[in-house]
There are 2 protein chains.
Amino acid sequence: MNFNIAYTDTASSARAGTITTAHGAIQTPIFMPVGTQGTVKAVHQHELIDDVKAQIILGNTYHLYLRPGTDILHKAGGLHKFIHWDRPILTDSGGYQVYSLKGMRKITEEGVKFQSHVDGSRHFFSPENVMDIQRMIGADIIMAFDECTPYPCDYQYAKKSMHMTHRWLKRCIQQFDRTEPLYGYNQTLSPIVQGSTYPDLREESANFIASQNREMNAIGGLSVGEPHEDMYAMTELVCNILPKDKPRYLMGVGLPENILEGIALGIDMFDCVLPSRNARHGLLYTKDGVINIKNAKWQEDFSPIDSTSDAYTSQIHTKAYLRHLFKVEELLAAQIATIHNLSFFLWLVTESRNKIMEGTFHSWKNEMVGKVSIRR
Amino acid sequence: MNFNIAYTDTASSARAGTITTAHGAIQTPIFMPVGTQGTVKAVHQHELIDDVKAQIILGNTYHLYLRPGTDILHKAGGLHKFIHWDRPILTDSGGYQVYSLKGMRKITEEGVKFQSHVDGSRHFFSPENVMDIQRMIGADIIMAFDECTPYPCDYQYAKKSMHMTHRWLKRCIQQFDRTEPLYGYNQTLSPIVQGSTYPDLREESANFIASQNREMNAIGGLSVGEPHEDMYAMTELVCNILPKDKPRYLMGVGLPENILEGIALGIDMFDCVLPSRNARHGLLYTKDGVINIKNAKWQEDFSPIDSTSDAYTSQIHTKAYLRHLFKVEELLAAQIATIHNLSFFLWLVTESRNKIMEGTFHSWKNEMVGKVSIRR
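Numbering of residues begins from 1 in every chain and follows the order in which that chain's sequence is written. Labels are handed out in written order, letters beginning with A for the chains and numbers beginning with 1 for the ligands. Only residues with pLDDT of at least 70 are given local features in this predicted model, and only at 80 or more are side-chain atom pairs given and counted; all residues enter the totals for whole chains, interfaces and linings.

## Re the overall build of chain A
Part 1 of the reasoning: Looking only at helices and strands, one finds 14 helices and 17 strands in chain A.
Part 2 of the reasoning: The C-alpha radius of gyration of chain A comes to 20 Å, within 12% of the 21 Å expected for a compact globule of 376 residues.
Part 3 of the reasoning: Think of it this way: build a C-beta for each residue from its backbone, and any pair within 7 Å is a contact. Put simply, 69% of the contacts in chain A that link residues at least 6 apart link residues at least 24 apart. Each helix corresponds to a stretch of at least 4 residues labelled H or I by DSSP, and each strand to a stretch of at least 2 residues labelled E; elements are numbered beginning at the N terminus. With the radius of gyration taken over C-alpha atoms, the globule rule is written as 2.2 Å times the number of residues to the power 0.38.

As structure tokens, this is what we get:
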């Protein structure tokens, strides 16, 4: 993996760059649509390219490990081939998912014992086997196995957990570095900064992660319910420590305003289920704020869903039609709305990139943060 | 509406023609995907054109009348504009749907009182207002309001019902002929032959319908549970009476083998929810029979869903991937499978047309009927 920074903003820490992977280039800052189970819900792969303009998607190790399973993914020649997607893929480590299995998992120094949410079967994730699983999935970018602490989190627990995440990172690196990619192209391993909302822990973690000298770095444990001010403060603190010349990934973030502020703080990569999940509930992101397309006010609005959208479907279909599809619970509602929202998130990061390159990002960002957070 | 027959088979009653409507031409024989509520379930309109190669779709008056309602459709400028579809549309009369509302409808000479399946609200359909509603929907082809008898059906009831359908037809024609299209293009009204599985009733009904001298004719009340032999016998009997120079539409039919036999008997138009509904349950139609993609046998089958399919998605995605999508209950499963099945039904009628024009339809049809009815 390679990272070139083309432009750096003078009024903020934002930068515009290019990440080069075995599956092609990614223009940063970038938003990665989430494809949990080998599909970005309700969107055809060719629509991800043509309409959404996705450059990289995310897969979930926990889900893919359970179904279809690493054996089938290996026989298929990896996730790219299995789902017919030849652009870059990043896989999370499964850490976040197994910790969400409250009452169905047990964390020890060795790893995490957990029960499948599908059939209750028992499984074990360790730093070592999670590297092996992600090797078999064949993602271009592999995430370290970490513990993602909840919010709020007791200081002592956060500290203890962070130190375990650091020890696990050493084991991840050792296992990753002694294994080879399985499908003829290079993969890279990203470590993850933890430390909850405690500045001293975040500082310690960022320094430790930076010292591992990997090709990119990630910030985990944010966007888990903490106030936005804490998210931004921790992100700023960590970005000041992580090396400037490597991509920085703020995991699970977030709202459009969070992404804009994250970019201003020096973040290059984002992912979030929000645009997809909200789309399925009729919440549409636009340049003037969020609208609930199910509201009666759109019933006779025959203007395009969003005439300024990059997405073909958002230009040709009307608000009244999309509202109708939601009211009668048709599958096409989720299809059109998901393309719309993902397209908006890709527009947001692409436009941020353009503004960074023009030198106008800071003022544009402040204006947009006000607009995109409005509920119409 | 115009109908030109280009080729007539010598070994059967099959014919290849062209129906010309205000929204373009339809090459016959044709299969019409069902778009009940203003969407062919799970398929984007542009995919209907590019992948499925649909030439005309069907809408349901009952559903569209309830939601979004004729008022909104009228304000939108008709169904074509509302759903962004500029090829021909046929609407059924709502007759079949209201008769399906067992215990929630009452049939009299005047019309049918019924309760909405959505909210229990009370409504009334008459031959007159169903014409007005279909004028407002703006379909190119409007179906007469008839009573579709169930199977089996008592002879006296079938006879009485048929005579009422004939009286209703006169009222439909009167109302249709004294009203104007609302959106600047012509619409046509198709009468419907009834008479259950009784040859004498079918003969009487076909003669009556033929005597009305409309631009096309339809056969209703079949594919409602009767043996295939009865369906074919009634179709043959009626086709021998209906004028040869006008399109014949066999409503609600059917299985691939029914369509092939129907074409051989002189039918030009078909519609059925089967390919869409079965797709959502993982049943895929292929040139070698029906497969259940959820079966374990496809788990590691990395061959294309159907390498001979006209549908892009069926060529690029594997059986193993589609099976996975069904197992994890992803929306993309329904999307890919529906495109596949509809594409197969369009291939079936297009290939029939090609064979009719080559003069090889009859032997090809017999071979195909054997193949497509196999369960693999």
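## What to know about the confidence of the model for chain A
Part 1 of the reasoning: The predictor's confidence in any single residue is recorded as pLDDT, a number from 0 to 100. Across chain A, pLDDT averages 97, with 100% of residues at or above 70.
Part 2 of the reasoning: Here the predicted complex carries an ipTM of 0.98, next to a pTM of 0.98.

## Digging into the packing of helix α12 (residues 319-327) of chain A against helix α13 (residues 331-358) of chain A
Residue and element names in this part refer to chain A.
Part 1 of the reasoning: In this analysis, axes come from line fits to C-alpha atoms, helices being fitted only over the stretch in contact, and the angle between any two N-to-C directions falls in the range 0 to 180 degrees. The contact between α12 and α13 brings their axes to 7 Å, and the two run at 135°. Between α12 and α13, the crossing angle belongs to the class labelled oblique. Remark: the crossing between α12 and α13 carries left-handed chirality. Contacts between α12 and α13 involve Leu 322, Leu 325 and Phe 326 from the first element and Leu 332, Ala 333, Ile 336 and Ala 337 from the second. For classification, angles of less than 35 degrees are called roughly parallel, those exceeding 145 degrees roughly antiparallel, those between 65 and 115 degrees roughly perpendicular, and all remaining angles oblique. Crossing handedness is read from the near helix: turned anticlockwise from the far helix by less than a right angle, it gives a left-handed crossing, and turned clockwise, a right-handed one.

## Description of the interface of chain A and chain B
Accessible area lost upon the coming together of the parts is a frequently used measure of interface size.
Part 1 of the reasoning: Taken together, the contacts link 31 residues of chain A with 31 residues of chain B.
Part 2 of the reasoning: Those elements that provide at least two residues to the side of chain A that touches chain B are α2 (61-76), α3 (79-83), α11 (312-316), α12 and α13 of chain A.

## What about the sheet that holds strand β15 (residues 269-271) of chain B?
The pairing of strands in a sheet comes from backbone hydrogen bonds and takes either a parallel or an antiparallel form.
Residues and elements named next belong to chain B.
Part 1 of the reasoning: A sheet is described by the order of its strands in space; here five strands give the open sequence β4-β15-β14-β13-β12, paired in parallel fashion. Only two strands of the sheet have a single neighbouring strand rather than two, namely β4 (30-32) and β12 (192-193).
Part 2 of the reasoning: Strands are labelled as partners when DSSP assigns at least two bridges between them. Both β4 and β15 contribute to a ladder of three bridges, which runs parallel. Its bridge partner being in β15, Ile 30 is matched across the sheet by Met 269.

## As for the relation of the copies chain A and chain B
Part 1 of the reasoning: Least-squares fitting of one copy onto the other uses the C-alpha atoms of those residues that reach a pLDDT of at least 70 in both copies. Of the transformation placing chain A onto chain B, the axial shift is 0.0 Å and the rotation is 180°, giving an RMSD of 0.0 Å. With respect to symmetry, the two chain copies, as superposed, fit the operation of a two-fold axis. No C-alpha of chain A lies nearer the rotation axis than that of A:Leu331, which sits 3.8 Å from it.
Part 2 of the reasoning: Taken together, the interface assignments show that 100% of the residues at the interface of chain A recur at the interface of chain B, consistent with an identical surface on both copies.

## Looking at helix α6 (residues 155-178) of chain B
Part 1 of the reasoning: Its 24 residues place the ends of α6(B) 35 Å apart at the C-alpha level, agreeing with the 34 Å of an ideal helix rising 1.5 Å per residue.
Part 2 of the reasoning: Residues with at least 20 other C-beta atoms within 10 Å of their own are called buried, those with 12 or fewer are called exposed, and the rest are partly exposed. The C-beta atoms themselves are positioned from the backbone. All buried positions along α6(B) are accounted for by B:Ala158, B:Lys159, B:Ser161, B:Met162, B:Thr165, B:Trp168, B:Leu169, B:Cys172 and B:Phe176. Expected helix span is given by 1.5 Å per residue-to-residue step, counting one fewer step than there are residues.

## A word on the sheet that holds strand β10 (residues 141-143) of chain A
All names here are of chain A.
Part 1 of the reasoning: Strand order in the open sheet made by the four strands is β5-β6-β10-β11, with parallel pairing throughout. One side of each edge strand has no neighbouring strand; the edge strands of this open sheet are β5 (57-60) and β11 (188-190). With direction set aside, neighbouring strand axes in the sheet form an average angle of 25°.
Part 2 of the reasoning: Across four bridges, β5 lies against strand β6 (residues 89-92) in parallel orientation.

## Thoughts on the pairing of strand β1 (residues 2-8) of chain A
All names here are of chain A.
Part 1 of the reasoning: Pairing between β1 and strand β2 (residues 15-21): six bridges, direction antiparallel. Note that in β2 the partner of Asn 4 across the bridge is Thr 18.
Part 2 of the reasoning: Taking the residues that link successive antiparallel strands as the turn, the β1-β2 hairpin has six residues.

## Some points on the pairing of β6(A)
All names here are of chain A.
Part 1 of the reasoning: Where burial is concerned, the two faces of β6 agree: the one with Ile 89 and Thr 91 and the one with Leu 90 and Asp 92 are both buried.
Part 2 of the reasoning: Across two bridges, the pairing between β6 and β10 is parallel. Bridge pairing links Thr 91 to Ile 142 in β10.

## What to know about unusual backbone geometry
Residues and elements named next belong to chain A.
Part 1 of the reasoning: Put simply, Tyr 151 and Pro 152 share a cis peptide bond, and its omega is -5°.
Part 2 of the reasoning: Position of Pro 152 among the secondary structure elements: in the loop between β10 and α6 (155-178).
Part 3 of the reasoning: Positive phi is not limited to glycine here, since Lys 53 has a value of about 65°.
Part 4 of the reasoning: Here Lys 53 lies in the loop between α1 (45-52) and β5.
Part 5 of the reasoning: Look at Lys 53 and you get partly exposed, because 15 C-beta atoms sit within 10 Å.
Part 6 of the reasoning: With a phi angle near 60°, Ser 223 is a residue other than glycine that sits in the positive phi range.
Part 7 of the reasoning: In this structure Ser 223 comes out as buried when scored by C-beta crowding, with 21 C-beta atoms within 10 Å.

## Let's talk about the packing of helix α5 (residues 127-137) of chain A against α6(A)
All names here are of chain A.
Part 1 of the reasoning: For the pair α5 and α6, interaxial distance at closest approach is 8 Å and the crossing angle is 45°. The pairing of α5 with α6 is recorded here as oblique in orientation. In the crossing of α5 with α6, the sense of the turn from one axis to the other is right-handed. Where α5 abuts α6, its residues Pro 127, Glu 128 and Met 131 lie against Trp 168, Arg 171, Cys 172, Gln 175 and Phe 176.
Part 2 of the reasoning: Per-class residue counts for the contact of α5 with α6 are five nonpolar, one polar and two charged. Residue type decides the class: Asp, Glu, Lys and Arg count as charged, Ala, Val, Leu, Ile, Met, Phe, Trp, Tyr, Cys and Pro as nonpolar, and the leftover types, Gly among them, as polar.

## Remarks on α1(A)
Residues spaced three or four apart along an α-helix point in a common direction, a consequence of the helix completing one turn every 3.6 residues.
Residue and element names in this part refer to chain A.
Part 1 of the reasoning: Residues of α1 that are buried: Gln 45, Glu 47, Leu 48, Asp 51 and Val 52. The arc enclosing the buried residues of α1, seen along the axis, measures out at 160°, which places them on a common side.
Part 2 of the reasoning: Contacts from the buried residues of α1 go to β5, α3, α11 and α13.
Part 3 of the reasoning: Trailing α1 by a residue or two, Lys 53 shows a phi angle of about 65°, which is positive. Throughout, the arc means that of the directions going from the helix axis to the C-beta atoms.

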